[in-house]
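An overview of the molecular structure
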Amino acid sequence: MGRAFVYVILGGGVAAGYAALEFTKKGVSHGELCIISEEPVAPYERPALSKGFLLPEAPARLPAFHTCVGANEERLTPKWYKEHGIELILGTRVKSADVRRKTLLTATGETISYKFLIIATGARALRLEEFGVSGSDAENVCYLRDVADATRLVDVMQKSTDGNAVVIGGGYIGMECAASLVINKINVSMVFPEPHCMGRLFTPKIASYYEEFYKSKGINFVKGTVLSSFVFNAEGKVTGVNLKDGSYLPADLVVVGIGIRPNTSLFEGQLTLEKGGIKVNSRLQTSNTSVYAVGDVASFPVKTFGEIRRLEHVDAARKSARHAVSAIMEPEKTPEFDYLPFFYSRVFSLSWQFYGDNTGEAVYFGDFSGTSFGAYWVNKGQLVGSFLEGGSKEEYEAIANVTRVKPEIEDLSELERQGLGFAVAVSQQPVVVPPVDVGGSGSLVVLEKAVYPWHAAAGVVVAASIAAFAYWYGRRRRRWWIGS
């Protein structure tokens, strides 16, 4: 028993939806494409799970956040897939793959063959048992990776109003879930081993701003330690947690967000792996020319920095999926995948974006006691990364573009003085390179890929200084303040 398709997408997350939409734009014929997913629902925007899905009022629910609404494109409901002749094979686990024979074997015994395969298997949440802590199966211990997890978390939250929640982990999931729990009138303590939150991305100074804001909302931080064990009642429900530093926290609810691990097991020994993911080239093609990998599971060349990286973010999933489809359908017209690393988050009234790399020396600008501030990272004399909190669409575009340009910086104090105005000024330079798609917004900005040393022509420096002053003055006139 089996079925044959020209194109198969393995995995039903964000990347699968964006790949499907791109296939239709490239003219895929009815019956040529299928998506195989373990989840029982069509692809959806996973970021909604830690944000809108957890809200106490008017929460997000499917079908509202099926892909590709996150990029302001069509909402791909099951009806959409049917109308476009795309087969959705949902609630189905693939137990083995044979890339030489170009076949997949499902847990039900069906063989599915393909001409081209896109691996979009994503990643799974790391579980406490992998770190020697048992108890994850307790009814009030929650993870957050899919709709089923989110539905379960909402159910436990609704039973825990005015109670105590412990969030294990200080990264994306921990920070976003902590915000949602507080909004649901639950007391929150965050526990993580690092000296500050978002340790892989934030500097101590940036992290301090967010930690203080969270504290103002009643969130307690317990840093530099980890969970050692749960305390259970007679019914097997968790009532508290013991930490490695000897302290104890009461808990009506525990949310665990301690990282993810790419789902590569089906292809180990068949495809080349690197940095925890499946290694691909600049066309998202694996070591087997008929197989492509995208999203969290792919380790791809980041052209801007000249190295292979695996990035865990929805933006990379969306864009790599589109590019892989283009490389398959129009190989002669598809350039190298040139992705600028991008991360963002929106919680409470806060909204930040980061582009590039956080290596080298951080140069801060803006008002850390107010609502808008940021940082540049300068490594080996070049600006390689930019961060901005509380920016406008145009300001976020400016920091994205200045990061892609990678201007030379010789005077860090001058960069600090000009602050965001420097990015704005650089973005206003003449247009000579292809457009840059910023953050999936569909807004294209073009600029000259030039060198901007501080001893450059006086006109550039003066222009940047004037632009910086004008920008600073304008911001003071339209400053907004954080609400509750």
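Residues numbered from 1 in each chain as written. Predicted model: local features only at pLDDT ≥ 70, side-chain atom pairs only at ≥ 80, totals over all residues. Heavy atoms only, no water.

An unreviewed UniProt entry lists the protein chain under the name monodehydroascorbate reductase (NADH), with Lactuca virosa as the source organism. As stated in UniProt under Sequence similarities (unreviewed entry), the record for the protein chain gives "Belongs to the FAD-dependent oxidoreductase family." In UniProt, the protein chain has this text filed under Cofactor (unreviewed entry): "FAD". (UniProt positions renumbered as here; feature names shortened; annotations may be inferred.)

Along the protein chain, the regular secondary structure elements total 10 helices and 30 strands. In the protein chain, which comprises 484 residues, the proportion classed as buried is 54%. The long-range share in the protein chain, meaning contacts at least 24 apart out of those at least 6 apart in sequence, stands at 63%. A total accessible area of about 20600 Å² is found for the protein chain, and carbon and sulfur atoms account for 51% of it. (Helix = DSSP H or I, 4+ residues; strand = E, 2+ residues; numbered from the N terminus. Buried < 20%, exposed > 50% of the residue type's maximum accessible area, 1.4 Å probe, protein only. Contact = heavy atoms within 4.5 Å. Areas by Shrake-Rupley, 256 points an atom, 1.4 Å probe, with all protein chains shown as cover.)

Before going further, it helps to examine the nonpolar core. Grouped together as the largest cluster of nonpolar side chains are 133 residues, with contacts concentrated most on Met190, Phe202, Tyr210, Tyr214 and Leu253. Excluding its chain neighbours within four sequence positions, the residues that come into contact with Tyr214 are Met175, Glu176, Ala178, Ala179, Met190, Ile219, Phe221, Val347 and Phe348. Counting residues in hydrophobic clusters, the runner-up holds 19 residues, among them Val141, Val241, Leu243 and Val254. (Core = buried A, V, L, I, M, F, W, Y, C linked by side-chain atoms within 4.5 Å.)

Reading across from one edge, 19-20-22-23 is the order of the four strands in this open sheet, with mixed pairing throughout. The outermost strands of the open sheet, each flanked by one partner alone, are strand 19 (273-274) and strand 23 (307-309). In this structure, strand 19 lies alongside strand 20 (residues 277-279), joined through two bridges in antiparallel fashion. Across the sheet, the residue bridging to Leu273 is Ile278, located in strand 20. (Pairing = 2+ DSSP bridges.)

Below, the discussion takes up unusual backbone geometry. Residues apart from glycine generally show negative phi values, whereas peptide bonds are mostly found in trans. Following Leu62, the chain continues into Pro63 via a peptide bond in cis, with omega recorded as 15°. Put simply, Thr67 and Cys68 share a cis peptide bond, and its omega is 15°. Relative to the elements of secondary structure, Cys68 occurs in the loop between strand 3 (33-36) and helix 2 (78-83). The phi dihedral of Lys380 falls on the positive side, at around 55°, and the residue is not glycine. By the element assignment, Lys380 lies in the loop between strand 27 (373-379) and strand 28 (382-389). The phi dihedral of Lys406 is positive, around 55°, even though this residue is not glycine. When you line up the elements, Lys406 lands in the loop between helix 7 (393-405) and helix 8 (412-418).

Moving on, we come to helix 3 (residues 147-158). Spanning 12 residues, helix 3 covers 17 Å between terminal C-alpha atoms, matching the ideal 16 Å at 1.5 Å per step. Along its buried surface, helix 3 packs onto strand 10 (141-142), helix 4 (172-183) and strand 17 (253-256). The N-cap residue of helix 3 is Asp146: its side-chain oxygen and the backbone nitrogen of Ala148 are 3.2 Å apart. (Expected span 1.5 Å × (residues − 1). Polar contact = N/O pair within 3.5 Å; in protein donor to acceptor, adjacent residues only side chain to side chain.)

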